[in-house]
Amino acid sequence: MTARLIDGKALAARRRAALAERVAALPFRPGLRVVRVGEDPASGVYVRNKDRAAREAGLESETLHLPEATTEPELLALVRRLNDDPAVDGILVQLPLPAHIRTEAVLDAIDPAKDVDGFHPVNQGALALGRPGLVPCTPRGVMLLLEEAGVSPRGARAVVVGRSTIVGKPAALLLLGGDATVTVAHSRTRDLAAECRRAEILVAAVGRAEMIRGDWVAPGATVIDVGINRTAEGRLVGDVAFAEALPHAGAITPVPGGVGPMTIACLLENTVQAALARRAPTRQGG
Ligand code: GUN
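Residues numbered from 1 in each chain as written. Predicted model: local features only at pLDDT ≥ 70, side-chain atom pairs only at ≥ 80, totals over all residues. Heavy atoms only, no water.

Engineer: I keep staring at the pairing of strand 7 (residues 201-204) and nothing clicks. Help me out?
Structural biologist: If a strand is regular, its side chains alternate between the two faces of the sheet. What you see with strand 7 is no split at all: Ile201 and Val203 on one side and Leu202 and Ala204 on the other are buried throughout. Relative to strand 7, strand 5 (residues 157-161) runs parallel, the two being bridged by 4 bridges. Within the sheet, the bridge partner assigned to valine 160 lies in strand 7 and is valine 203. (Buried < 20%, exposed > 50% of the residue type's maximum accessible area, 1.4 Å probe, protein only. Helix = DSSP H or I, 4+ residues; strand = E, 2+ residues; numbered from the N terminus. Pairing = 2+ DSSP bridges.)

Engineer: How should a nonpolar patch on the surface be read in this particular structure?
Structural biologist: On the surface, Val45, Tyr46, Ile228 and Leu236 cluster together into a nonpolar patch covering about 300 Å² of accessible area. If you trace the backbone, tyrosine 46 turns up in helix 2 (residues 41-56). On the basis of relative accessibility, which here comes to 35%, the residue tyrosine 46 falls in the partly exposed class. (Patch = residues over 30% accessible without salt bridge, like charges linked within 9 Å, V, L, I, M, F, W, Y side chains within 5 Å. Areas by Shrake-Rupley, 256 points an atom, 1.4 Å probe, with all protein chains shown as cover. Salt bridge = Lys/Arg side-chain N within 4 Å of Asp/Glu carboxyl O.)

Engineer: Mind showing me how you'd approach the nonpolar core here?
Structural biologist: With 48 residues, the main nonpolar core has Leu175, Val203 and Ile224 as its most contacted residues. Among the elements of the structure, helix 1 (8-24), strand 2 (31-37), helix 2, helix 6 (137-148), strand 5, helix 7 (168-177), strand 7 and helix 10 (259-279) are those that each provide at least two residues to this core. If one sorts the elements of this core by residue count, helix 10 sits on top with 9 residues. Not counting residues within four places of it along the chain, the set of residues in contact with isoleucine 224 comprises Ile6, Val142, Leu145, Leu146, Leu202, Val203, Ala204, Thr253 and Val259. One finds Leu192, Leu202, Met211 and Val223 within the second-largest nonpolar core, a separate group that totals 22 residues. (Core = buried A, V, L, I, M, F, W, Y, C linked by side-chain atoms within 4.5 Å. Contact = heavy atoms within 4.5 Å.)

Engineer: Even after reading the chapter, I still don't get the packing of aromatic side chains, so can you show me in this structure?
Structural biologist: Aromatic ring pairs are reported here in terms of the distance separating the ring centres and the angle at which the planes meet. Summed over all chains, the structure comprises 0 aromatic pairs. In this arrangement the basic side chain of arginine 279 is found over the ring face of phenylalanine 28, its NZ or CZ atom lying 3.7 Å from the centre. (Phe/Tyr/Trp six-rings, centres within 6.5 Å; stacked < 30°, edge-to-face > 60°. Lys NZ or Arg CZ within 6 Å of the ring centre and 35° of its normal.)

Engineer: Which parts of the structure should I look at to understand the sheet that holds strand 4 (residues 90-93)?
Structural biologist: The strands making up a sheet associate through hydrogen bonds between their backbones, and the pairing can be parallel or antiparallel. Here 3 strands make up an open sheet; going across it, the order is 3-2-4 and the pairing parallel. Looking at strand neighbours, the two that pair on one side only are strand 3 (60-66) and strand 4, the edges of this open sheet. In this sheet, adjacent strand axes meet at a mean angle of 15° when their direction is disregarded. As paired elements, strand 2 and strand 3 share 7 bridges and run parallel to each other. Each residue of the ladder has a partner; that of arginine 33, found in strand 3, is glutamate 62. With respect to the sheet, helix 2 is in contact with strand 2, strand 3 and strand 4, its orientation differing from that of strand 3 by roughly 160°. (Axes fitted to C-alpha atoms, helices over the stretch in contact; angles between N-to-C directions.)

Engineer: Before we go on, may I ask you to explain the pattern of salt bridges in this structure?
Structural biologist: Going through the model one piece at a time under the given rule, you end up with 14 salt bridges. Among the ionic pairs, glutamate 60 bridges to arginine 33, the shortest N-O distance being 3.3 Å. One end of the pair, glutamate 60, is in strand 3; the other, arginine 33, is in strand 2, and 27 residues separate them in sequence. Notably, a salt bridge pairs arginine 102 with glutamate 72, separated by 2.4 Å at the nearest N-O pair. Here arginine 102, found in the loop between strand 4 and helix 4 (103-109), pairs with glutamate 72, found in helix 3 (residues 72-84); they are 30 residues apart in sequence, far enough to count as distant. Beyond isolated ion pairs, a larger network of salt bridges with shared partners links Arg33, Glu60 and Glu62.

Engineer: How should the environment of alanine 87 be read in this particular structure?
Structural biologist: Here alanine 87 shows up in the loop between helix 3 and strand 4. Remark: the alpha-carbon pair of alanine 87 and lysine 114, spanning 27 residues in sequence, is separated by 11 Å. Other than its neighbours up to four places away in sequence, alanine 87 contacts Gly31 and Glu60.

Engineer: Is there a simple way to explain the sheet that holds strand 6 (residues 181-185) in this structure?
Structural biologist: On the basis of which strands lie adjacent, the open sheet formed by 6 strands has the order 1-11-8-7-5-6 and parallel pairing. The open sheet has two free edges, formed respectively by strand 1 (4-5) and strand 6, since each of these has just one partner strand. Here strand 5 pairs with strand 6 via 5 bridges, running parallel. Counterpart to valine 160 in the pairing with strand 6 is valine 184. With respect to the sheet, helix 6 is in contact with strand 7 and strand 8 (222-225), its orientation differing from that of strand 8 by roughly 150°.

Engineer: Even after reading the chapter, I still don't get the site of the ligand, so can you show me in this structure?
Structural biologist: Around the ligand, the surrounding shell consists of Lys50, Leu92, Val93, Gln94, Leu95, Asp117 and Phe119. Aspartate 117 places a polar side-chain atom, nitrogen or oxygen, 2.5 Å from a nitrogen atom of the ligand. About the coverage of the ligand: the protein hides 81% of its 270 Å² of free accessible area. In terms of residue class, the shell around the ligand is built from 4 nonpolar, 1 polar and 2 charged. (Near = heavy atom within 4 Å. Polar contact = N/O pair within 3.5 Å; in protein donor to acceptor, adjacent residues only side chain to side chain. Nonpolar A, V, L, I, M, F, W, Y, C, P; charged D, E, K, R; others polar.)

What follows is the structure in structure tokens.
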């Protein structure tokens, strides 16, 4: 048996097309600002893709590219200006930031109502409490991919490998919200292979190329691979050894073409959600 492929590219394209139709019917254009600081090459690619996808969906999008030498007060001043700009519904500060800028200080400065990444403590707190808010894009993409695969988290043993605030923790909370029995494994987990083998749903978000081997995947398990890593030979690979995992898994996301496109689709959806919520009388997400 070989695993079914979960096609994130196709699902993301469908969701973006559906969103474009919704946006076209709105009496206003939701506005997104993507902020990039410095010259991290991967960030350059991500930011361009986000900006292009936003325009294709009919959003009013602009990328603000600041020099590497930008100071923290300068970046904070920009964030506050965007917070106060009524034409701006969503603010995304691409990470990583240069080392001399405190990421937390910048993320905390973003108006939670415009925090389309869902990284602000208010939105992370809402997620932990199971309240409406803006949910981080990649973990939301993970949940949509499970749904696409016809895999319900309810009652399932889910193992999330990785505990970052961007992916691992929020993915674990979303799975818990979907009634999975969730284990969060990480670099200090004693027997990672054994933990992974217990998973009916395995979410890999460690950021290390092909770290999760094929025989760590239980027969028939659903594998969602969040990793995007470039090997020394220049190949793009996930956190899961894909070819090895194929004969074990029931369904698996490819890299590229799995989670990556979903992150962007969810960012656009979050921007529209933020735009609608900001215009609603109660100013609540959801
Ligand atoms: N860097 C890597 N992934 C992300 C993301 O989802 N959002 C932002 N802002 N930066 C990132």
